[in-house]
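# A structural walkthrough
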Amino acid sequence: MWTAEFKDGRWTNWQNAGKKLNVDYGIGELHITADGRELYFHSPRAGGKGNYDIWVTRKVNDEWQEPENIEVVNTPDNEGWPFITQDGNELWFTRTYMGSPAVFKSRKTNGEWGEPELIISQFAGEPSLDNMGNIYFTHHFFEDGKMIEADIYVAYRK
């Protein structure tokens, strides 16, 4: 993993993210909080609950720390594709639910993530939100147990 700064229309100041993140385990999609202090990602690394889990690492003194498993949101199935809202108080993610991807949300209260709630079920995943609270997600289409197509949808906040 590497970091860079976007200045004057180009990426500059490339730096290795450090050995704690560049180890021998897979890191899936990631999301960095708006303040740049936390990095959420999914990984099948050891120490999780099973398959893909969501992990967080925090930047202290300009160095990423050892990743921590966010146990309350993880199950023996798959959780991943995290998105953190601008205020840092909602974690949106994809979970395998009833055999297909679904969108879940966990809220942070007093610095702790809460039990996730199902938001969009059956074949929906990879959530992102804009600053107005509209949710963008991928809808997966399956045929004979295999994904054949994925389209992007938006659900507007009322």
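### What about the overall build of the protein?
Each helix and strand in the protein was counted, giving 0 helices and 15 strands. At 16 Å, the protein has a C-alpha radius of gyration in line with the 15 Å of a compact globule built from 158 residues. Projecting the C-alpha coordinates of the protein onto the three principal axes gives extents of approximately 45 × 40 × 35 Å. Residues classed as buried in the protein amount to 36% of the 158 residues present.

### Overview of the sheet that holds strand β15 (residues 146-155)
Read from one edge of the open sheet, 3 strands run β13-β14-β15, paired in antiparallel fashion. Looking at which strands have only one partner, the edges of the open sheet turn out to be β13 (124-129) and β15. Strand-to-strand twist of the sheet, defined as the mean angle between neighbouring strand axes without regard to direction, takes the value 20°. In this sheet, β15 lies alongside strand β14 (residues 135-143) in antiparallel orientation, the contact comprising 9 bridges.

### Side note on the nonpolar core
Core analysis: the biggest nonpolar cluster contains 11 residues, these being Y40, I54, V56, I70, V73, I84, L91, F93, A102, F104 and W113. The set of elements that each furnish at least two residues to this core consists of β5 (53-60), β9 (90-97) and β10 (100-109). Every residue in contact with Y40, bar those within four places of it in the chain, is listed here: E29, L30, H31, T33, I54, W55, V56, I70, P82, I84, K108 and W113. Core analysis: the second largest hydrophobic core is formed by 8 residues, F83, W92, I135 and F137 among them.

### Focus on a nonpolar patch on the surface
There is a patch of nonpolar side chains on the surface, built from W2, F6, W11 and W14 and spanning about 580 Å² of accessible area. Those elements that provide at least two residues to the nonpolar patch are β1 (2-7) and β2 (10-16). Mapping W2 onto the fold places it in strand β1.

### Digging into the pattern of salt bridges
Scanning all chains against the criterion turns up 11 salt bridges. The shortest N-O distance in the salt bridge between K105 and E117 comes to 4.0 Å. Of the two residues, K105 is situated in strand β10 and E117 in strand β12 (residues 117-120); the sequence distance between them amounts to 12 residues. For K105, a relative accessible area of 8% gives the class buried. Residue classification places E117 among the partly exposed positions, given a relative accessible area of 37%. Residues participating in the shared-partner salt-bridge network are E38, R58, E68 and K108.

### A word on unusual backbone geometry
Phi at N61 takes a positive value of approximately 50°, unusual for a residue other than glycine. One non-glycine residue, N110, lies in positive phi territory at about 50°. Note on placement: N110 falls in the loop between β10 and β11 (112-113).

### Some thoughts on the layout of surface pockets
Here the largest pocket is characterised by a volume of approximately 410 Å³. Taken together, 19 residues form the lining of the largest pocket, with T3, A4, Q15, K59 and W64 sitting closest to its centre. Elements with a minimum of two residues in the lining of the largest pocket: β1, β2, β3 (30-32) and β6 (63-64). Among the elements that line the lining of the largest pocket, the one with the most residues is β1, at 4 residues. Class assignment of the residues belonging to the lining of the second largest pocket gives a composition of 5 nonpolar, 6 polar and 4 charged.

Rules of the game
Residues numbered from 1 in each chain as written. Predicted model: local features only at pLDDT ≥ 70, side-chain atom pairs only at ≥ 80, totals over all residues. Heavy atoms only, no water. Helix = DSSP H or I, 4+ residues; strand = E, 2+ residues; numbered from the N terminus. Rg over C-alpha atoms; globule rule 2.2 N^0.38 Å. Buried < 20%, exposed > 50% of the residue type's maximum accessible area, 1.4 Å probe, protein only. Pairing = 2+ DSSP bridges. Axes fitted to C-alpha atoms, helices over the stretch in contact; angles between N-to-C directions. Core = buried A, V, L, I, M, F, W, Y, C linked by side-chain atoms within 4.5 Å. Contact = heavy atoms within 4.5 Å. Patch = residues over 30% accessible without salt bridge, like charges linked within 9 Å, V, L, I, M, F, W, Y side chains within 5 Å. Areas by Shrake-Rupley, 256 points an atom, 1.4 Å probe, with all protein chains shown as cover. Salt bridge = Lys/Arg side-chain N within 4 Å of Asp/Glu carboxyl O. 1 Å grid on protein atoms, 1.4 Å probe; cavity = no way out; pocket = protein on both sides within 12 Å on 5 of 7 lines; lining within 4 Å. Points joined across faces, edges and corners; volume = space filled by probe spheres on them. Nonpolar A, V, L, I, M, F, W, Y, C, P; charged D, E, K, R; others polar.

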